[in-house]
Amino acid sequence: MIESKGYAAFDATTDLGQFNFTRREVGAHDVLIEIMYCGVCHSDVHAARNEWNGTIYPIVPGHEIVGKITAIGSAVTKFKVGDLAGVGCFVDSCRTCPNCQAGLEQYCDTGAAGTYNSLKIDGKTQTFGGYSNNIVVDENYTLHVSDKLDLPRVAPLLCAGVTTFSPLRHWKVGQGHKVAILGLGGLGHMAVKFAASFGAEVTMLSTSPSKQADAERLGAHHFALTSDPETMKSLTMKFDFIINTVSAPHDYNTYLQLLKSDGVMVLLGAPPTPSQINAFSLLGKRRTLAGSLIGGIKETQEMLDYCAEHNIMSDIEMIPMHKINEAYERIMKSDVKYRFVIDMKTL
Ligand code: NAP
Ligand code: ZN
Ligand code: ZN
């Protein structure tokens, strides 16, 4: 077994702390990655605090991983020792269902094996995520990372990046579309960058007046405060798409009203409790309420390559590992600019 050290949550309410554990030996198709940086996703907070239920403790969160390959298995062909590599939200899937065959492993019919908090690899061994010094992953679930970009700023692309890239591509968002991004956090700031890069007219919808200048710097053409009833009224039926990244429970109906006829609101945010939908929010204008989950391996690579080509990266605040609990508290206050990334040298 390979010795690993990291940070784990041991229950839903106490701070994360140091944790030593083991990972499987490097198998024929595996790569061993020395983790250099790991982004902090709001999903890590939901999971560490068991807000979605089903958390297996101790949990080592982290699914925005970049690092360097330090060993490869005998059958590995896609990577060599010394290569940069990335790992996102899942590390395996059944590989045979129609979704896996279509490169949509995130929608695997039997459920993809999460990078953390999953027993799916062999039915009994728990996966541990990127708040740690190393990880063993099958090469087919490992991404190539360009050395052209600033590595700490690449880490969040592995979740926040692909989660926003994928729906924008799926719904072919681009020139001629008016798009609203709801919530300026980790996902929201990447959504603004991609939507603007794809040629759409982008409006940032936020609860935080202090984020206006940043929204514009990130590429938003307009900024609107959702707490202002007059502003909200003026935006009725204005958008073709809304990319909803809000992490906390909120009223979807309020935002559906902002869609034109045939408009689509894509839910990316995963609040822990359900929300009620008024049928009239949808049927009066043939609107669609949709959802989207991260992205498959092929699309994640396409996104990373697109970012390398267009110099797109996350805006980050780098933190040492021991500041993780403070970072969680700031995430809960929507006070992140715009993704925390852990420098694994500090572990
Ligand atoms: P984040 O950095 O905390 O950003 C969330 C943003 O939502 C906040 O910055 C804030 O933006 C807004 N917000 C928070 N509470 C709100 C409230 N009560 N009402 C209205 N707006 C509120 O989180 P993230 O990492 O981007 O993740 C966002 C959500 O997406 C989480 O639920 C996460 O689990 C989920 N997620 C889903 C996927 C997927 O595959 N679908 C992937 C990753 C994450 P303003 O200050 O601008 O209002
Ligand atoms: Zn995530
Ligand atoms: Zn599958």
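Preceding block: the structure.
Everything numeric here is computed off the predicted structure, so don't read it as measured data. Residue positions are counted from 1 within each chain, in the order its sequence is given. Chains carry letters and ligands carry numbers; both start at the beginning, A for chains and 1 for ligands, and go up in the order they are written. Local features in this predicted model are restricted to residues of pLDDT 70 or higher, and side-chain atom pairs are both shown and tallied only at a pLDDT of 80 or more, whereas totals for entire chains, interfaces and linings draw on every residue. Neither water nor hydrogens contribute to the side-chain values; these are computed over all heavy atoms in the structure.

Colleague: In this structure, what is going on with the pairing of strand S14 (residues 259-267)? I would like to understand it.
Modeller: Each regular strand carries side chains that alternate between the two faces of the sheet. Sheet analysis places strand S13 (residues 239-244) next to S14, joined by 5 bridges and oriented parallel. Across the sheet, Ile 243 pairs through a bridge with Val 266, a residue of S14. In this analysis, strands are considered paired if DSSP registers two or more bridges between them. Starting at the N terminus, helices and strands are each numbered in turn, a helix being any DSSP run of H or I of at least four residues and a strand any DSSP run of E of at least two. The pairing of S14 with strand S15 (residues 288-291) spans 4 bridges and is classified as parallel. Bridge pairing in S15 links Met 265 to Leu 289.

Colleague: Can you walk me through the packing of helix H4 (residues 160-170) against helix H5 (residues 186-197) in this structure?
Modeller: The description of two helices packed together rests on the angle between their axes and the distance between the axes. Close contact between H4 and H5 brings their axes to 8 Å; oriented N to C, the two are set at 45°. Between H4 and H5, the crossing angle belongs to the class labelled oblique. Crossing of H4 against H5: the hand is right-handed. Across the interface between the two elements, Ala 160, Gly 161, Thr 163, Thr 164, Phe 165 and Leu 168 from H4 touch Gly 186, Leu 187, Met 190, Ala 191, Phe 194 and Ala 195 from H5. Residue composition of the contact of H4 with H5, by class: 8 nonpolar, 4 polar and no charged. Angles run from 0 to 180 degrees between N-to-C directions of axes, and those axes are lines fitted to C-alpha atoms, restricted for helices to the stretch in contact. Working definition: roughly parallel below 35 degrees, roughly antiparallel above 145 degrees, roughly perpendicular at 65 to 115 degrees, and oblique for all remaining angles. Each crossing gets its hand from how the near helix is turned against the far one by less than a right angle, where anticlockwise is left-handed and clockwise is right-handed. For this analysis, residues touch if any pair of their heavy atoms sits within 4.5 Å. Residue type decides the class: Asp, Glu, Lys and Arg count as charged, Ala, Val, Leu, Ile, Met, Phe, Trp, Tyr, Cys and Pro as nonpolar, and the leftover types, Gly among them, as polar.

Colleague: Would you explain the sheet that holds strand S11 (residues 201-206) in this entry?
Modeller: What holds strands together in a sheet is hydrogen bonding between their backbones, with the strands either parallel or antiparallel. As summarised here, the arrangement of the 6 strands in space is S12-S11-S10-S13-S14-S15, forming an open sheet in which the pairing is parallel. With partners counted over all chains shown, the strands left at the sheet margins are strand S12 (222-225) and S15, one partner each. Each strand axis lies, on average, 20° off the axis of its neighbour in the sheet, ignoring direction. Examined bridge by bridge, strand S10 (residues 178-182) and S13 share 4 bridges and lie parallel to one another. Within S13, the position partnered with Ala 180 by the bridge is Ile 242. Together, S10, S11 and S13 form the strand contacts of H5, whose direction differs from that of S11 by roughly 165°.

Colleague: In this structure, what is going on with the coordination of the zinc ion (ligand 3)? I would like to understand it.
Modeller: Metal coordination angles have textbook ideals: 109.5 degrees for a tetrahedral set of four donors and 90 or 180 degrees for an octahedral set of six. Note on donors: an N, O or S atom is included if it sits within 2.8 Å of the metal, or within 3.2 Å for Na, K and Ca, and water is never included, so sites can look incomplete. Protein ligation of the zinc ion (ligand 3) involves Cys 94 (SG), Cys 97 (SG), Cys 100 (SG) and Cys 108 (SG), the donor distances falling in the range 2.3 to 2.4 Å. Under this scheme a four-donor centre is tetrahedral when all angles range from 85 to 135 degrees, a four-donor centre is square planar and a six-donor centre octahedral when opposite donors are above 155 degrees with the rest from 65 to 115, and any other centre is irregular. One can describe the donor arrangement at the zinc ion (ligand 3) as tetrahedral, given that its 4 donor atoms subtend angles of 104 to 119° at the metal. All donors of the zinc ion (ligand 3) belong to a single chain; written as a sequence motif, their spacing is C-x2-C-x2-C-x7-C. For Cys 94, a relative accessible area of 26% translates into the label partly exposed. Remark: exposure states derive from per-residue accessible area (1.4 Å probe, protein chains only) relative to the maximum for the residue type, with buried under 20%, exposed over 50%, and partly exposed in between. Using a relative accessible area of 7% as the deciding quantity, one classes Cys 97 as buried.

By themselves these figures say nothing about function.
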